[in-house]
Amino acid sequence: MQVAEKKFIKTTRLSIEYLEWQPTAARSVVLVHGWPDAARTWNPVAQLLAAAGYRVLAPSLRGYGETQFLEASTPRSGELVALGRDLIDFAHALNLQKPALVGHDWGARAVAIAAGLTPGLASHLAMLSVGYGTNDPTQPLAFEQARCYWYHWFMATPLGEKTVRADPRGFARIMWDTWSPPGWFDQAEFDQTAAAFDNPDWIDVTLHSYRHRWGHAQGDAFYANDAAALNPLPIIADPMLVIHGAADAVNPVETSAGKEAFFSGRYERVLLDGIGHFPQREAPAAVAQALLDFFGKV
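Quick caveat, the model's predicted, so the values are computed rather than measured.

Here we come to the nonpolar core. One finds Trp 35 and Tyr 151 to be the most contacted residues of the largest nonpolar core, which totals 68 residues. With nine residues, the single largest contributor to this core is helix H3 (residues 106-117). Apart from the residues within four sequence positions on either side, Trp 35 is in contact with Tyr 64, Asp 105, Trp 106, Tyr 151, Met 155, Phe 171, Met 175, Trp 179, Trp 202, Thr 206 and Tyr 210. Counting 28 residues, the second-largest nonpolar core is a separate cluster that includes Tyr 54, Ala 126, Ala 283 and Phe 294.

This part takes up the side chain of Asp 220. By the element assignment, Asp 220 lies in the loop between helix H9 (202-213) and helix H10 (224-229). With a relative accessible area of 10%, Asp 220 lands in the buried category. Among the polar contacts made by the side chain of Asp 220, one reaches the side chain of Arg 13 at a distance of 2.7 Å.

When you line up the elements, Asn 231 lands in the loop between H10 and strand S8 (240-245). Each C-alpha atom, one on Asn 231 and one on Asp 136, is 9.7 Å from the other, the two residues being 95 residues apart in sequence.

Another point: H3. An ideal rise of 1.5 Å per residue puts 16 Å on twelve residues; H3 measures up with 16 Å between its terminal C-alpha atoms. Across the twelve residues of H3, twelve count as buried, placing the element largely inside the fold. Residues of H3 that are buried include every one of Trp 106, Gly 107, Ala 108, Arg 109, Ala 110, Val 111, Ala 112, Ile 113, Ala 114, Ala 115, Gly 116 and Leu 117, and no others. Next to the buried residues of H3 lie strand S3 (27-32), helix H2 (80-93), strand S6 (100-104), strand S7 (125-128), H9 and H10.

About the cut-offs
- Residues numbered from 1 in each chain as written.
- Predicted model: local features only at pLDDT ≥ 70, side-chain atom pairs only at ≥ 80, totals over all residues.
- Heavy atoms only, no water.
- Core = buried A, V, L, I, M, F, W, Y, C linked by side-chain atoms within 4.5 Å.
- Buried < 20%, exposed > 50% of the residue type's maximum accessible area, 1.4 Å probe, protein only.
- Helix = DSSP H or I, 4+ residues; strand = E, 2+ residues; numbered from the N terminus.
- Contact = heavy atoms within 4.5 Å.
- Polar contact = N/O pair within 3.5 Å; in protein donor to acceptor, adjacent residues only side chain to side chain.
- Expected span 1.5 Å × (residues − 1).

Encoded structure:
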């Protein structure tokens, strides 16, 4: 079994904690976690990819684990464009040459944004549990999808902020309890993952991310040019694989359907029956095999 080593790298604004497997391998894969989760979410998938000969890196997003802002004055922004820029900066800081970029949830959005801002950055892309082009605050939402997003609106209220600040782990736990079929995790796994939420910036980054997403908070001016470059939404030429659990109870599979027009290169979509919002945890062997099959294609 491949064992991960914890490392750190500095970028323009962050000291990023990351896990690394098989550091001397020629081809690299960056695995980006989502919310509310942590880099450890990738452990089973990463071990399988490393065993197949890949260098695997799993960074902790801003506000998670031991990732820290370098300056106290930097806004604790969770806007999605910032996550995409962080991923670009991470790849450049480590001088990664055409890595495959794989993301789940927030990480999936970071991957798509990084690819849109820096065409050719990656050899392959993969998004788990998220559809491309679903970040627009003016998009129409079915009532069922709005119900799934209750926590977005809750965080936009003063009561929601007060509640999240009072019990951040309890808030995260209800997402784990309801986004996938019962029985997919145990208390020990949640507790070990939730340690990443003890980062002093986790609450601020979380609140800002969802408030900004729906126009309830201003973005960081540092990312204004990047945000402008994403409007209109870029067409992505890099090969893209979408993996979506058919039992996802927060982002139903319909949200990732019909996106082919946004991709000028190879595009594939895989649905996993009986799997919820965390396919890398619920079906790691299937996810790893889908990634390896996709990476092996020209």
